[in-house]
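# Fold and contact review
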Amino acid sequence: MNAGKVSPKIQMNPTTFFVQQSCQHSNPLPLCFGWRVTAALGLLLVVPASLAAEVQQPSAAEQPLEVITVYAQKRPQPKTEVSVAVSTIDGDTIAERRLGSTTALDGIAPNFSASAVSGEGTTPALNIRGIGVFDYNTSTISPIAVYSDDVVAGGANFLNASLFDLAQIDILRGPQGTLFGRNSTGGALLLRSKLPEAEFGGYVSADVAEQQSRTYTAVLNAPLGDETAARVALHQQDYQYSM
């Protein structure tokens, strides 16, 4: 009779203890020290080798590949089928990093920089591959175009758009023709809002920070019919300029 092979496995159950030392009041300011100690309790489990093979993770070939969709040619296409130099930032990344405006995208893509000309609240300066504009005149047309849902921003003063309830941002590097509305020698930023969904929902958020900053966002999604839905998003930000 052949004995089945077994493979030992170690299961670690971490347990955290916090030890607080009493405060020292001999100094003018009491000093308190604390240590965080993490201990692991080991448990030896013996399981058949055949069972261990069954619970192995699927191979990389069996896992589906993520398809990144871009709108570099004004229609949804897989990124691998587009010859334009484009970088994509999804809406979850924008929300997690607290990116509130286009100037906050500085350095998020290769060869792209964004800043204010002379402080917050002034004309933004967008540069792609070293091409941009640095001007105090708010009516100056920038070589970097910003499109919000296929609507182009006008003068340079409108390039600093608020980022909220967005599905993704595409940063196109290099000269762009009139496909989106006007030509731009440096590149373009495509801001795409989230589309309405078939289920009723929404959310309200409020943020408070330094410089008396207060940000409010409200989103409502409502179905209007079997194939029709509407989505309304409101955003307001108030803060003191820090020049």
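So, here is what we can say about the structure in this document. Because the structure is predicted, anything quoted here is derived from the model rather than measured.

## Observations regarding the pairing of strand S9 (residues 144–148)
- In terms of residue burial, S9 counts as a mostly covered element, since 4 of its 5 residues are buried.
- With 5 bridges joining them, S9 and strand S12 (residues 187–193) adopt parallel strand pairing. When the sheet's bridge partners are listed, tyrosine 147 is paired in S12 with leucine 190.
- In this structure, S9 lies alongside strand S10 (residues 151–152), joined through 2 bridges in antiparallel fashion. If you follow serine 148 over to S10, its bridge partner there is valine 151.
- Where S9 hands over to S10, the hairpin turn is made up of 2 residues, of which aspartate 149 adopts a positive phi near 55°.

## With respect to the environment of glycine 174
- Examined against the element boundaries, glycine 174 turns out to sit in the loop between strand S11 (166–173) and S12.
- The sequence separation of glycine 174 and serine 184 amounts to 10 residues, and the corresponding C-alpha distance is 8.5 Å.
- Sequence-distant contacts of glycine 174, defined by excluding residues within four places in its chain, comprise Ile128, Arg129, Ser184, Thr185, Gly186 and Gly187.

## Brief notes about the packing of aromatic side chains
- In this structure the tally under the stated criterion is 1 aromatic pair.
- Arranged with centres 5.5 Å apart and planes meeting at 45°, the rings of tyrosine 147 and phenylalanine 180 form a pair that is tilted. Pair noted here: tyrosine 147 is in strand S9 and phenylalanine 180 is in the loop between S11 and S12, with a separation of 33 residues, a long-range link. Each member of the pair, tyrosine 147 together with phenylalanine 180, is buried.
- A cation over an aromatic ring shows up here: arginine 192 above the ring of tyrosine 71, its NZ or CZ 3.8 Å from the ring centre.

## Topic: the environment of serine 113
- Considering the arrangement of structural elements, one finds serine 113 in strand S6 (residues 112–116).
- Here serine 113 falls in the partly exposed class, since its relative accessible area comes to 30%.
- Taking the C-alpha atoms as reference points, serine 113 and alanine 125, separated by 12 residues in sequence, lie 8.2 Å from one another.

## Things to note about the sheet that holds strand S15 (residues 229–238)
- In spatial order, the strands read S13-S14-S15; together these 3 strands make up an open sheet with antiparallel pairing. One side of each edge strand has no neighbouring strand; the edge strands of this open sheet are strand S13 (201–209) and S15. Here the average twist between neighbouring strands, direction ignored, is 5°.
- Summarising the sheet, S13 and strand S14 (residues 213–223) pair through 9 bridges and their orientation is antiparallel. Paired with glycine 201 across the two strands is asparagine 221, which belongs to S14.

The rules behind each value
- Residues numbered from 1 in each chain as written.
- Predicted model: local features only at pLDDT ≥ 70, side-chain atom pairs only at ≥ 80, totals over all residues.
- Heavy atoms only, no water.
- Buried < 20%, exposed > 50% of the residue type's maximum accessible area, 1.4 Å probe, protein only.
- Helix = DSSP H or I, 4+ residues; strand = E, 2+ residues; numbered from the N terminus.
- Pairing = 2+ DSSP bridges.
- Contact = heavy atoms within 4.5 Å.
- Phe/Tyr/Trp six-rings, centres within 6.5 Å; stacked < 30°, edge-to-face > 60°.
- Lys NZ or Arg CZ within 6 Å of the ring centre and 35° of its normal.
- Axes fitted to C-alpha atoms, helices over the stretch in contact; angles between N-to-C directions.

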